[in-house]
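Here is what each chain is made of, one letter per residue.
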Amino acid sequence: MDDRERHEAGMTVRRQVLGDAHVDRAIANTDEFTADFQDFISRYAWGEIWTRPGLDRRTRSCITLAVLATLGHDEELAMHVRAALRNGLTPEEVGEVLLQVGVYAGVPAANRAFKVAQQTLQQEAG
């Protein structure tokens, strides 16, 4: 697969996981400064990793939630809580992932992540 095909595949998965509205906002906000980064994440994060057959999207969402919670990347965590729901996780399963974070990454990381996830889940519930 060449870079163009990888980018197209990545954009397809990115839209399926994050939703058209999110991706459309990212594209609309792309300028000369951010264009290379947007291309990079489309080709590599979405076109190389999320398209691999070795893990399903639910599992990839669980891993992504755990890593983002551990590292304290709250804005990305909120986005990926929404993505996890789109990938078929239930709110209860999101909570289970965050409990794992509490054991292996520490209670402060899980505490912050639960707050972010709770707010995101409440927004999604409407």
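Anything mentioned here points back to the structure above.
A.B. asks: If you had to explain the packing of helix α6 (residues 91-104) against helix α7 (residues 107-125) to someone new, which residues and values would you point to?
C.D. replies: Packing of α6 against α7 brings their axes to within 8 Å, and their N-to-C directions diverge by 165°. Looking at the two axes, α6 sits roughly antiparallel to α7. Our pair here, α6 against α7, has a crossing hand that is right-handed. Note on element contacts: α7 touches α6 through V107, A109, A110, A113, F114, A117 and L121, opposite P91, V94, G95, L98, L99, V101 and G102. Each residue belonging to the contact of α6 with α7 can be placed in one class, and the counts come to 12 nonpolar, two polar and no charged.

A.B. asks: Quick rundown of the nonpolar core? Include the residues and the values.
C.D. replies: Formed by 17 residues in total, the largest nonpolar core has its most connected members in L65, A69, L77, V81, V94 and L98. At the level of elements, α4 (57-71), α5 (74-86), α6 and α7 are the ones that each hand at least two residues to this core. The leading source of residues in this core is α7, at five residues. Those residues in contact with L65 that sit more than four places away from it in its chain are L77, H80, V81, A84, L89, V94 and V97. M11, L18, V23 and M79 belong to the second largest nonpolar core, which has nine residues in total.

A.B. asks: Tell me about the packing of aromatic side chains, and please be specific about residues and values.
C.D. replies: Applying the stated criterion to the full structure yields three aromatic pairs. Put simply, the rings of F37, F40 and Y44 touch in pairs and so form one group of aromatic residues.

A.B. asks: For the pattern of salt bridges, give the residues involved together with the corresponding values.
C.D. replies: Scanning all chains against the criterion turns up nine salt bridges. Between R4 and E8 there is a salt bridge whose closest N-O contact spans 2.9 Å. Note that R4 and E8 are positioned in helix α1 (residues 3-18) at a spacing of four residues, about one turn of the helix. The salt bridge involving E48 is made with R6; its shortest N-O contact spans 2.3 Å. Taken together, the positions of E48 in helix α3 (residues 35-49) and R6 in helix α1 put the pair 42 residues apart, joining distant regions of the chain. The class for R6 is buried, based on a relative accessible area of 11%.

Reading the values: rules and limits
- Residue positions are given per chain, counting from 1 as you read along its sequence in written order.
- Local features in this predicted model are restricted to residues of pLDDT 70 or higher, and side-chain atom pairs are both shown and tallied only at a pLDDT of 80 or more, whereas totals for entire chains, interfaces and linings draw on every residue.
- As a convention, hydrogens and water are excluded, and side-chain values are obtained from all of the structure's heavy atoms.
- Each axis is a line fitted through C-alpha atoms, and for a helix only the stretch in contact is used; angles between axes span 0 to 180 degrees, taken between their N-to-C directions.
- Labels follow the DSSP assignment, with helices taken as runs of H or I lasting at least four residues and strands as runs of E lasting at least two, numbered in each case from the N terminus.
- For classification purposes, an angle smaller than 35 degrees is called roughly parallel, one larger than 145 roughly antiparallel, one from 65 to 115 roughly perpendicular, and anything else oblique.
- What makes a crossing left-handed is the near helix being turned counterclockwise from the far one by less than a right angle; a clockwise turn instead makes it right-handed.
- Any two residues having at least one pair of non-hydrogen atoms within 4.5 Å are treated as being in contact.
- Polar here means any residue other than Ala, Val, Leu, Ile, Met, Phe, Trp, Tyr, Cys and Pro, which are nonpolar, and Asp, Glu, Lys and Arg, which are charged; Gly is therefore polar.
- Throughout this description, the term nonpolar core refers to a set of buried Ala, Val, Leu, Ile, Met, Phe, Trp, Tyr and Cys residues connected via side-chain atoms within 4.5 Å.
- Relative accessibility decides the category of a residue: with a 1.4 Å probe and only protein chains considered, values under 20% of the type maximum give buried, values over 50% give exposed, and everything between is partly exposed.
- Classification of ring pairs uses Phe, Tyr and Trp, with its six-membered ring standing for Trp, and accepts pairs whose centres are within 6.5 Å; under 30 degrees between planes counts as stacked, over 60 as edge-to-face, and the remaining range as tilted.
- For this analysis, a salt bridge means a side-chain nitrogen from Lys or Arg found within 4 Å of a carboxyl oxygen belonging to Asp or Glu.

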